[in-house]
Amino acid sequence: MAAEKARVVCVTGAGGFVGSWLVKHLLSKNYTVHGTVRNPMDEKYGHLKKLEKASEKLKLFKADLLDYESIRAAIVGCDGVFHTASPVPPSSVPDPEVELIKPAVDGTLNVLKACCEVNVKKVVYVSSVAAVSIIPNRPQDRPLDETFWSDQEFCRSNNDWYCLSKTKAESEAWEFSKKNGIDFLSVCPTLIVGPMLQKTVNASSLVLIKLLKEGYEELENRSRMIVDVRDLAEALILVYEKPEANGRYICVSHQIRAKDLVEILKKHYPDYKYPKKFIESKDKSSVTAQKLQDLGWSYRPLEETLVDSVENYAQNGLLG
Ligand SMILES: NC(=O)c1ccc[n+]([C@@H]2O[C@H](COP(=O)([O-])OP(=O)(O)OC[C@H]3O[C@@H](n4cnc5c(N)ncnc54)[C@H](OP(=O)(O)O)[C@@H]3O)[C@@H](O)[C@H]2O)c1
């Protein structure tokens, strides 16, 4: 990859929680970014235009994952693509095949087809641990690594449509990339939290916001696997930049029981409406990011992530 050309990259879903931070980090590293959004005129993307260096180095493209030509137009002239766009609904949707699976799977294939057509060689795909860990009889005695794949039939039988969408999209993407000689890498993050750059609340931030203000009567004391959105952005750029990167990378920083997580939050912010009671969970499964750490990835302490998140939610008036 010629050094100069590699500095022009496309980020799909640039206005989302992950996409926005990725664009910010790429701009700060002097990349030129083609960001796709569904409607560049919408005020909800105002934060992107205010990012440092955005006026010189960020160009927004109107694109929908299911409109091939719009995706292709954003990718022309790029040497690499970061594909983050995919529906992440906060709750169940009426027609999961149409609303979730189709945009995730066909959208990802559209991105890859466009990469083939315009000769983009390197693609970093934001998959999910949802494509790794949804299996019956999950091992409890050793952490799941990148060799594990979620069981699509098991997802379907549990109406776990989001997990199915991510598993099917990643697996079809691997198949397509291998057949067509694309240097494809996938990063599988766990629950992503951290401060939001965008003004509209995304689904994973809502998980933490609800822990602070919902006042649940009881909550399962299961393991929460957390990664900071800023550390994820660095992970995505790391796998893009390192020539030796290959295959899948699980991205997790902290694995902590819900009750212990609430204890940390309470220490800093005693007055929110926390869950009243915790029910013990039998699931002791975990995942490992050893492969990503071996590539050189590191992450910030959990307390920093939590404090920065809560301060951000409070500033946005989300905890009142
Ligand atoms: N957040 C997590 O905990 C988590 C964990 C693991 C993996 N992930 C993955 O991370 C990626 C980003 O998620 P996020 O948390 O940043 O969620 P998000 O804020 O909801 O962002 C999703 C993005 O996808 C775009 N999008 C959805 N459907 C689209 C379509 N048909 N055409 C074009 N764009 C479309 C959205 O565009 P609009 O702005 O136009 O709505 C938005 O920019 C997703 O692939 C998700 O599966 C997230």
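Rules used in this analysis
- Residues numbered from 1 in each chain as written.
- Predicted model: local features only at pLDDT ≥ 70, side-chain atom pairs only at ≥ 80, totals over all residues.
- Heavy atoms only, no water.
- Buried < 20%, exposed > 50% of the residue type's maximum accessible area, 1.4 Å probe, protein only.
- Helix = DSSP H or I, 4+ residues; strand = E, 2+ residues; numbered from the N terminus.
- Pairing = 2+ DSSP bridges.
- Right-handed = clockwise from strand over helix to strand, strands pointing away.
- Polar contact = N/O pair within 3.5 Å; in protein donor to acceptor, adjacent residues only side chain to side chain.
- Contact = heavy atoms within 4.5 Å.
- Core = buried A, V, L, I, M, F, W, Y, C linked by side-chain atoms within 4.5 Å.
- Axes fitted to C-alpha atoms, helices over the stretch in contact; angles between N-to-C directions.
- Near = heavy atom within 4 Å.
- Areas by Shrake-Rupley, 256 points an atom, 1.4 Å probe, with all protein chains shown as cover.
- Nonpolar A, V, L, I, M, F, W, Y, C, P; charged D, E, K, R; others polar.
- Parallel < 35°, antiparallel > 145°, perpendicular 65-115°, else oblique.
- Left-handed = near helix turned anticlockwise from the far one by under 90°.
- Phe/Tyr/Trp six-rings, centres within 6.5 Å; stacked < 30°, edge-to-face > 60°.
- Lys NZ or Arg CZ within 6 Å of the ring centre and 35° of its normal.
- Salt bridge = Lys/Arg side-chain N within 4 Å of Asp/Glu carboxyl O.

Here we take up the pairing of strand 1 (residues 8–12). Burial of strand 1 is extensive: five of the five residues sit out of reach of the surface. Judged by which residues are buried, strand 1 turns out to be covered on both faces: Val8, Cys10 and Thr12 on one side and Val9 and Val11 on the other are all buried. One ladder, built from four bridges, connects strand 1 with strand 2 (residues 32–37); its direction is parallel. Of the residues in strand 2, the one forming a bridge with valine 8 is threonine 32. For the crossover that starts at strand 1, traverses helix 1 (residues 17–28) and ends in the parallel strand 2, the hand is right-handed. Here four bridges tie strand 1 to strand 4 (residues 80–83), and the two strands are oriented parallel to one another. Within the sheet, the bridge partner assigned to cysteine 10 lies in strand 4 and is valine 81.

Quick look at the side chain of serine 285 now. Tracing the backbone shows serine 285 in the loop between strand 12 (278–280) and helix 11 (290–294). For serine 285, a relative accessible area of 5% corresponds to the buried category. A distance of 3.2 Å separates the side chain of serine 285 from the side chain of arginine 138, its partner in a polar contact. Each residue touching serine 285, except ones within four places of it in the same chain, is listed here: Arg138, Pro139, Gln140 and Met225.

We now examine the nonpolar core. Core analysis: the biggest nonpolar cluster contains 75 residues, and Leu26, Val33, Phe82 and Leu236 have the highest contact counts within it. Here this core takes nine residues from helix 9 (residues 229–241), the largest share from any one element. Setting aside anything within four residues of it in sequence, one finds valine 33 in contact with Val9, Val11, Val23, Leu26, Leu27, Lys57, Leu58 and Lys59. Residues Ala85, Leu109, Cys115 and Leu164 belong to the second largest nonpolar core, which totals 34 residues.

Spatially, 3-2-1-4-5-6-10 is the arrangement adopted by the seven strands of the open sheet, whose pairing is parallel. Each having just a single partner strand, strand 3 (58–62) and strand 10 (247–251) make up the two edges of the open sheet. Across the sheet, the mean angle separating the axes of adjacent strands is 20° when strand polarity is ignored. Contacts from helix 9 reach strand 1, strand 4, strand 5 (122–126), strand 6 (183–189) and strand 10, with the element oriented near 155° to strand 5.

The next thing to look at is the site of the ligand. Not every one of the 26 residues close to the ligand is listed here, only the nearest: Tyr45, Thr84, Tyr162, Lys166 and Ser204. The side chain of lysine 166 places a nitrogen or oxygen atom 2.8 Å from an oxygen atom of the ligand. Here the ligand, which alone exposes 890 Å², has 89% of that area covered by the protein. Of the residues that constitute the shell around the ligand, the class distribution is 13 nonpolar, nine polar and four charged.

For the rest of this paragraph, the subject is the packing of helix 4 (residues 68–75) against helix 5 (residues 96–117). With their axes 9 Å apart at the nearest point, helix 4 and helix 5 run at an angle of 50° to one another. Taken as axis vectors, helix 4 and helix 5 run oblique relative to one another. You can see that helix 4 and helix 5 cross each other, and the crossing is right-handed. Judged by residue contacts, Tyr68, Ile71, Arg72 and Ile75 of helix 4 engage Asn110, Val111, Lys113, Ala114, Cys115 and Glu117 from helix 5. Grouping the amino acids of the contact of helix 4 with helix 5 by side-chain chemistry returns six nonpolar, one polar and three charged.

This part takes up the pairing of strand 6. Across the seven residues of strand 6, six count as buried, placing the element largely inside the fold. In terms of strand pairing, strand 5 meets strand 6 through five bridges, oriented parallel. When the sheet's bridge partners are listed, tyrosine 125 is paired in strand 6 with serine 186. As paired strands, strand 6 and strand 10 are joined by five bridges and run parallel to one another. Looking across to strand 10, one finds that valine 187 is bridged to tyrosine 249.

Moving on: the packing of aromatic side chains. Counting across every chain of the model gives six aromatic pairs. An angle of 65° between the planes, with centres 6.2 Å apart, marks the rings of tyrosine 31 and tyrosine 240 as edge-to-face. Of this pair, tyrosine 31 sits in the loop between helix 1 and strand 2 while tyrosine 240 sits in helix 9, placing them 209 residues apart in sequence. Members of the aromatic cluster, connected to one another through ring pairs, are Tyr31, Phe82 and Tyr240. Taking NZ or CZ as reference, lysine 122 lies 5.9 Å from the ring centre of tyrosine 240, over its face. For the cation-ring pair, lysine 291 lies above tyrosine 249, with the distance from its terminal atom to the ring centre recorded as 4.1 Å.

Here the focus is the pattern of salt bridges. Applying the stated rule across the entire model yields 17 salt bridges. Across the pair glutamate 217 and lysine 276 runs a salt bridge whose closest N-O atoms are separated by 3.0 Å. Placement of the pair is glutamate 217 in the loop between helix 8 (203–213) and strand 8 (219–221) and lysine 276 in the loop between helix 10 (258–268) and strand 12, with a sequence separation of 59 residues. Using a relative accessible area of 56% as the deciding quantity, one classes glutamate 217 as exposed. Accessibility expressed as a relative area gives 58% for lysine 276, which makes it exposed.

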